[in-house]
Amino acid sequence: MYLQEFKIYLIGGHMLKAAEDVTIPAEHRLLYRFKNAKLKDVLSVGSQAYIPVRNILYISTGDVIRW
């Protein structure tokens, strides 16, 4: 299994790390959902984090790692 790493930078200066399987369909991937989200939407990251889109400054991609 290969995972794509992400860093989610929030408006308040905090940064969260996340990763997702690279084999999931494009429309379910984090960056695609973020690009298509409206300011009032909430972005789910994994099963434990729910972040209001208006609080996200930007998302950067990191390495693809083998798990």
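One structure accompanies this document, and this report is about it. (Residues numbered from 1 in each chain as written. Predicted model: local features only at pLDDT ≥ 70, side-chain atom pairs only at ≥ 80, totals over all residues. Heavy atoms only, no water.)

On to the sheet that holds strand β2 (residues 15-21). Strand order in the open sheet made by the three strands is β2-β1-β5, with antiparallel pairing throughout. Of all strands in the sheet, those with a lone pairing partner are β2 and β5 (56-66), marking the two edges. Each neighbouring strand pair of the sheet contributes to a mean axis angle of 25°, computed without reference to strand direction. Across seven bridges, strand β1 (residues 2-10) lies against β2 in antiparallel orientation. Counterpart to Phe 6 in the pairing with β2 is Ala 18. (Pairing = 2+ DSSP bridges. Helix = DSSP H or I, 4+ residues; strand = E, 2+ residues; numbered from the N terminus. Axes fitted to C-alpha atoms, helices over the stretch in contact; angles between N-to-C directions.)

Let's shift gears to the packing of aromatic side chains. For the coordinates displayed, the defined rule picks out one aromatic pair. Consider the rings of Tyr 9 and Tyr 58, whose centres lie 4.5 Å apart with planes at 20°: the pair is stacked. Taken together, the residues span a long stretch of sequence, with Tyr 9 in strand β1 and Tyr 58 in strand β5 at a distance of 49 residues. What makes Tyr 9 partly exposed here is its relative accessible area of 24%. Note on Tyr 58: relative accessible area 39%, which makes it partly exposed. (Phe/Tyr/Trp six-rings, centres within 6.5 Å; stacked < 30°, edge-to-face > 60°. Buried < 20%, exposed > 50% of the residue type's maximum accessible area, 1.4 Å probe, protein only.)

Turning our attention to the side chain of Glu 20. Along the chain, Glu 20 turns up in strand β2. Residues within four places of Glu 20 in sequence aside, it is in contact with Tyr 2, Leu 3, Gln 4, Phe 6, His 28, Arg 29 and Leu 30. (Contact = heavy atoms within 4.5 Å.)

Among the nonpolar cores identified, the biggest contains eleven residues, and these are Phe 6, Ile 8, Leu 10, Ala 18, Leu 30, Leu 43, Val 45, Ile 51, Val 53, Ile 56 and Ile 59. Within the residue set of this core, elements represented by two or more residues are β1, β3 (42-45) and β5. Here this core gets three residues from one element, more than from any other, and that element is β1. Leave out the neighbours within four places in its chain, and Val 45 touches Ile 8, Ala 18, Leu 30 and Ile 51. (Core = buried A, V, L, I, M, F, W, Y, C linked by side-chain atoms within 4.5 Å.)

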